[in-house]
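# Structural characterization, general
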Amino acid sequence: MYLCSMSNILDSDIKYLTGIGPKRGELLGKELGISTFRDLVYTFPFRYVDKSKVYAISDVSSSTAYIQLRGKITRMGMVGEKQGKRFVATLSDSTGHIDLVFFKGIKWIQEKLIINKEYIVFGKPSIFKESFNMVHPEIDQVSDSAPAGEPSMIGIYSSTEKLKSAGIGNKVFSKFVMTLLSKHLSQIPETLPDYILKRHKLCPLQYALKNIHFPSDPKALSAAQMRLKFEELFYLQLSLLKTKKKRTQESVGVMMPKVGQYFNKSFANIPFELTGAQKRVIKEVRGDIMSGKQMNRLLQGDVGSGKTMVALLCCLLSADNGYQSCIMAPTEVLAQQHYAGVQKTIAGSGIRTALLTGSTKAKERREIHQGLLDGSIHILFGTHAVIEDTVQFLRLGFVVIDEQHRFGVNQRAKLRFKSEIAPHILVMTATPIPRTLSMTLYGDLDVSVLDELPPGRKPIQTMHLTESKRDAMFAFLKKEIALGRQVFIVYPLIKESETMDYKNLEEGYELITREFPAPQYITAVVHGQQKNENKAYDMKLFAEGRAHILVATSVIEVGVDVPNASVMVIESAERFGLSQLHQLRGRVGRGAEKSYCILMTGYKLSKESRQRIDLMCATNDGFELAEADLRMRGPGDIEGTQQSGLAIDLRISNLAQDSQILQLARMTAEEILDRDPSLAGGENALLVAQLALMKKQDELVNIDYSKIS
Ligand code: ADP
Ligand code: MG
């Protein structure tokens, strides 16, 4: 059997691979995290280039990635001084010229190149002073390139400057992999049980590894990719689902079967009918809190879908059953607003609430601590401050975390220890997460979705304007204000020192107050550098309708609810991500009036910025935008994934493109766990071994994580 992991060849230290040794081994570890044979074979090319194709120099364009050129060196020599000193050789073919540039390894390349000799050059063009060049390309003499029998598809690996200057370019790197595979491929143990391979017609690991690095043809490459993607996603899902199963089996949850006066009296105060989605989610939560198991539920709902009401009703149920609860928000403004927002609903019900934030005064703070300890406070609202160690509850039973992505897993864990029995946890997010992503990020949580907006919302009309339309835009704002509406104007968060390309808030504020002079117009301003009391004062001014305009940085992104505001102007909109833009837009359209979102940008936009802006103008649907965002930027950049504590460190799968493989992987994992929950069966021994290996690797990574937080 190959299960004995002790003797797995892949555990060998990378320095023992022929051609590497201690020095290069250390460098590979530092630069790419490669410290074992396994790390090396699982470092896959991020793209492939067909080396049988040679392009004309005139074909090079700004969108060209790696290409191969063929031509003569017509000129070469040193250029520049000091830091900028470099060796430049000009390659020419019948269609044009391109400069090949070397900052390092100059002596070697100088000796290698001969004027008027023909070379094959392989690299990635970049633009320098309005013409194309190639920095540190691979160069071969025509005679010694691509010997017969060499595969024409070449894998391109990520690299770093340090590696390149140590002579470990793509060619050398792929030679390392080749060495490993040619010596040890047959010793590499299979990682998926036979029955899974057969059922999904996946190729064996050895075949996959060989062809992912050195594809014999495109078909073999896609078989290899399929197999390796499946393996990656399958084990991720298996481990998430196993955690979830274990937790639901072992966990003990606070029982909350009763619906009592706190709930009923407050419910009677609600001036509107709950949406179908709100009712459904409350039912789902009730199911959980009567199950005797601890609830861990993610509530996703687009901006304005009414999450706060759901959260409040849950907390009231908790109170009816004799338990305290708390609602955490990412910012003070938001915590305050939650707190203030629920007061009308709970009036007369006997529920006692408190607000605890960083700016709560010492005396009040002590009183709140006391009230939590003796149980007289039922619901605590607050920011991160509520998870400080000094805050103790008498009987904490329910915790709501709003805007999940700003809280790390560690912080969530901290809350769990605030009472003997872990409280139920409802995590709410207004950043819609595509299903593929939430399956992976929150694969161990149950998910509820508020997919229905309260009735009467008019869709927000989104427009894209450039500077030349600014006057017209201001005129439009004046018209809206004359109709009694209010206006948000948002600037990107900018550190003072940054270039003046983008209007910063201060300039903006000046411009706005000149254009909209007092006393006819009142302009409030809110930003991160402000003192809390000033911020609160200006916020209040706007929230109460006494200011017409609120100039702000993206601090207002989350939560702020001013139903009378009908226009959201976003300055330098190209600087915001899609989900952020959508969040901001969600600040309007909350009253019954028709609302507008105006995206101001410069004239010149990158392709991606334009796509983002166009998408914003095309749809109001947060989930659609989130899917698009994922496709455009990849999961690593999606807001919240970094802080989620579950780094999506996928080696080969792409959550945006591989959703079908992901579904398949998840289904397979579910079926296996349903049949064999503890994976005790002999046919699953391999799965257990792989999970253990993953855990070991995770732990290695986690050391860093805990240091940061
Ligand atoms: P979000 O999901 O963005 O947190 P909120 O909870 O802030 O949304 O709700 C947005 C607004 O909609 C609030 O003013 C809230 O009172 C109102 N609201 C919530 N549920 C309903 C409903 N069922 N019908 C009408 N208005 C509702
Ligand atoms: Mg909210």
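As shown above, the structure is provided for reference.
What comes next is a walk through the structure.

## Some thoughts on the sheet that holds strand β22 (residues 595-601)
Across the sheet, six strands lie side by side as β17-β22-β21-β18-β20-β19; this open sheet has parallel pairing. A strand with exactly one partner marks an edge of an open sheet, and here the two such strands are β17 (460-466) and β19 (523-526). In this sheet, neighbouring strand axes are inclined to one another by 20 degrees on average, regardless of whether the strands run parallel or antiparallel. Its contacts with the sheet place helix α20 (residues 607-618) against β17 and β22, and it is angled at close to 145 degrees to β17.

## Observations regarding the nonpolar core
If you look at the biggest cluster of nonpolar residues, it comprises 38 residues, and the most contacted ones within it are V285, L313, L316, I379, F398 and L426. Put simply, the parts of the chain that give this core at least two residues each are α10 (276-289), α11 (307-320), α12 (332-346), β13 (379-382), β14 (396-402) and β15 (424-429). With 10 residues, the top contributor of residues to this core is α11. When sequence neighbours within four positions are dropped, the list of residues in contact with I379 reads L312, C315, L316, S325, I327, I351, R352, T353 and A354.

## Thoughts on the site of ligand 1
E273, Q278, G304, K307 and T308 are the nearest of the 16 residues found near ligand 1. The side chain of Q278 places a nitrogen or oxygen atom 2.9 Å from a nitrogen atom of ligand 1. S305 has a polar backbone atom sitting 3.4 Å from an oxygen atom of ligand 1. Summarising the interface, the protein chains cover 80% of the accessible area of ligand 1, which totals 560 Å² for the free molecule. The cavity that encloses ligand 1 is the second largest pocket. By residue class, the composition of the shell around ligand 1 is four nonpolar, six polar and six charged.

## A few points about helix α5 (residues 170-184)
Its 15 residues give α5 an end-to-end C-alpha distance of 21 Å, which sits within 8% of 21 Å, the value for a rise of 1.5 Å per residue. Along α5, the residues classified as buried are N170, F173, S174, F176, V177, T179, L180, L181 and H184. On its buried face, α5 is in contact with α1 (21-32), α2 (37-41), β8 (138-141), β9 (153-156) and α7 (205-213).

## Describing unusual backbone geometry
Residue P519 follows A518 across a cis peptide bond; omega there is 0 degrees. Positioned with a positive phi, S572 is a non-glycine residue whose angle comes to about 45 degrees. With respect to the secondary-structure elements, S572 resides in the loop between β21 (565-570) and α19 (578-585). For S572, a relative accessible area of 9% puts it in the buried group.

## Some thoughts on the packing of α1 against α5
One way to put it is that α1 packs onto α5 with a least axis distance of 14 Å and a crossing angle of 110 degrees. With respect to α5, the axis of α1 lies roughly perpendicular. On the side of α1, the interface is formed by R24, L28 and L32, while α5 contributes V172, F173 and F176. For the contact of α1 with α5, a count of residues per class yields five nonpolar, no polar and one charged.

## Focus on the pattern of salt bridges
Scanning the model with the defined rule gives 24 salt bridges in all. For E284, the salt bridge identified is with R297, shortest N-O distance 3.8 Å. On the criterion of sequence distance, the pair formed by E284 in helix α10 and R297 in strand β10 (residues 296-301) is long-range, its members being 13 residues apart. Residue classification places E284 among the partly exposed residues on the basis of a relative accessible area of 27%.

## Remarks on the layout of surface pockets
Picture a little ball the size of a water molecule; that probe, rolled over the atoms, points out where space is still empty. Taken as a whole, the second largest pocket holds about 1,400 Å³ of empty space. Along the walls of the second largest pocket sit 43 residues, with T308, Q337, G341, D561 and R590 positioned nearest its centre. No other element matches α12, which puts 10 residues into the lining of the second largest pocket. In the lining of the second largest pocket, the residues fall into 18 nonpolar, 15 polar and 10 charged.

## Focus: the sheet that holds β14
Strand order in the open sheet formed by seven strands is β12-β13-β11-β14-β15-β10-β16, with parallel pairing between adjacent strands. In the strand order of this sheet, the two ends are held by β12 (353-356) and β16 (446-450), each with one partner. Each adjacent strand pair in this sheet contributes to an overall mean axis angle of 20 degrees, direction not counted. For strand β11 (residues 324-328) and β13, the ladder comprises four bridges, and the chain directions are parallel. Its bridge partner lying in β13, M328 is registered against G382. Strands β10, β11, β13, β14, β15 and β16 of the sheet are contacted by α11, whose axis makes an angle of about 170 degrees with β14.

## What to know about α20
Helix length check: α20, at 12 residues, gives a terminal C-alpha distance of 16 Å against a target of 16 Å (1.5 Å per residue), a fit within 8%. Residues of α20 that are buried include every one of S609, R612, I613 and M616, and no others. Angular distribution of buried residues about the axis of α20 spans 95 degrees; they occupy a single face of the element. Residues of α20 that are exposed and point over 90 degrees away from its buried face: K607 and A618.

Conventions adopted
- Residues numbered from 1 in each chain as written.
- Chains lettered and ligands numbered in written order.
- Predicted model: local features only at pLDDT ≥ 70, side-chain atom pairs only at ≥ 80, totals over all residues.
- Heavy atoms only, no water.
- Pairing = 2+ DSSP bridges.
- Helix = DSSP H or I, 4+ residues; strand = E, 2+ residues; numbered from the N terminus.
- Axes fitted to C-alpha atoms, helices over the stretch in contact; angles between N-to-C directions.
- Contact = heavy atoms within 4.5 Å.
- Core = buried A, V, L, I, M, F, W, Y, C linked by side-chain atoms within 4.5 Å.
- Buried < 20%, exposed > 50% of the residue type's maximum accessible area, 1.4 Å probe, protein only.
- Near = heavy atom within 4 Å.
- Polar contact = N/O pair within 3.5 Å; in protein donor to acceptor, adjacent residues only side chain to side chain.
- Areas by Shrake-Rupley, 256 points an atom, 1.4 Å probe, with all protein chains shown as cover.
- 1 Å grid on protein atoms, 1.4 Å probe; cavity = no way out; pocket = protein on both sides within 12 Å on 5 of 7 lines; lining within 4 Å.
- Sits in = over half its atoms within 2 Å of the grid points.
- Nonpolar A, V, L, I, M, F, W, Y, C, P; charged D, E, K, R; others polar.
- Expected span 1.5 Å × (residues − 1).
- Parallel < 35°, antiparallel > 145°, perpendicular 65-115°, else oblique.
- Salt bridge = Lys/Arg side-chain N within 4 Å of Asp/Glu carboxyl O.
- Points joined across faces, edges and corners; volume = space filled by probe spheres on them.
- Arc of directions from axis to C-beta.

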